[in-house]
Amino acid sequence: AHKFFKRSRETLSMKMAIPLRAALLGFETSFTHLDGHTVTIKRSGVTKPGQSIRIKGEGMPKHGVSSEFGDLVITFTVDFPPTLDAELAAGLEQLLPPAGPSDIRIG
């Protein structure tokens, strides 16, 4: 078993943790695939916790057709800061839209 990748037939999956700033503003990052080649991911805009992307052709070779590859599925988790200092919290209050009781949903 590999520490980053999980395999289900020709589909590979992995988890990627990104900081809150990257989740809100987008990011670009690279990692080394099983065979040593570099995979680059570029995301713009918001990436939600638990959101997945599918990269075609970056999975494992298809059974019986070694020239065709499955997909790589990356599921994101978002690392929130453990605390916010008062200055940063005040800045965020200015930047983010206000949230009222109707913005908080159960279920």
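Residues numbered from 1 in each chain as written. Predicted model: local features only at pLDDT ≥ 70, side-chain atom pairs only at ≥ 80, totals over all residues. Heavy atoms only, no water.

Draft legend 1. Broad picture of a nonpolar patch on the surface. A surface patch of nonpolar side chains, amounting to about 290 Å² of accessible area, comprises L24, L25 and V46. Here V46 is to be found in the loop between strand 4 (38-44) and strand 5 (52-55). (Patch = residues over 30% accessible without salt bridge, like charges linked within 9 Å, V, L, I, M, F, W, Y side chains within 5 Å. Areas by Shrake-Rupley, 256 points an atom, 1.4 Å probe, with all protein chains shown as cover. Salt bridge = Lys/Arg side-chain N within 4 Å of Asp/Glu carboxyl O. Helix = DSSP H or I, 4+ residues; strand = E, 2+ residues; numbered from the N terminus.)

Draft legend 2. View of the pattern of salt bridges. Throughout the structure, instances matching the rule amount to four salt bridges. Between R54 and D71 there is a salt bridge, and its shortest N-O distance comes to 3.1 Å. With a gap of 17 residues between them, R54 in strand 5 and D71 in the loop between strand 7 (65-69) and strand 8 (72-79) connect regions that are remote in the sequence. Note on D71: relative accessible area 13%, which makes it buried. Ionic pairing is found between K56 and D71, a salt bridge with its closest N-O pair at 3.5 Å. Here D71 lies in the loop between strand 7 and strand 8 and K56 lies in the loop between strand 5 and strand 6 (61-62), a separation of 15 residues in the sequence. Its relative accessible area of 64% is what places K56 among the exposed residues. Each of the salt bridges in this network shares a partner with another, and the network as a whole consists of R54, K56 and D71. (Buried < 20%, exposed > 50% of the residue type's maximum accessible area, 1.4 Å probe, protein only.)

Draft legend 3. Structural view of the sheet that holds strand 5. Strands sit in the order 1-2-8-5 across an open sheet of four strands; the sheet is mixed. Taken across any chain shown, the strands that pair with only one partner, and hence form the sheet edges, are strand 1 (6-8) and strand 5. Adjacent strand axes in the sheet meet at a mean angle of 30°, parallel and antiparallel pairs treated alike. Note: strand 5 against strand 8, four bridges, orientation antiparallel. Bridge pairing links I55 to L72 in strand 8. (Pairing = 2+ DSSP bridges. Axes fitted to C-alpha atoms, helices over the stretch in contact; angles between N-to-C directions.)

Draft legend 4. Up close: the packing of aromatic side chains. Here the structure, examined in full by the defined rule, presents two aromatic pairs. Ring centres of F5 and F31 lie 6.3 Å apart, and the angle between their planes is 50°; this geometry places the pair in the tilted category. Of this pair, F5 sits in the segment before strand 1 while F31 is found in strand 3 (residues 26-32), placing the two residues 26 residues apart along the sequence. Its relative accessible area of 6% is what places F5 among the buried residues. Judged by centre distance (5.9 Å) and plane angle (75°), the rings of F27 and F76 are edge-to-face. Of this pair, F27 sits in strand 3 while F76 sits in strand 8, and the two are 49 residues apart along the sequence. This pair shows no difference in class: F27 is buried, exactly as F76 is. (Phe/Tyr/Trp six-rings, centres within 6.5 Å; stacked < 30°, edge-to-face > 60°.)

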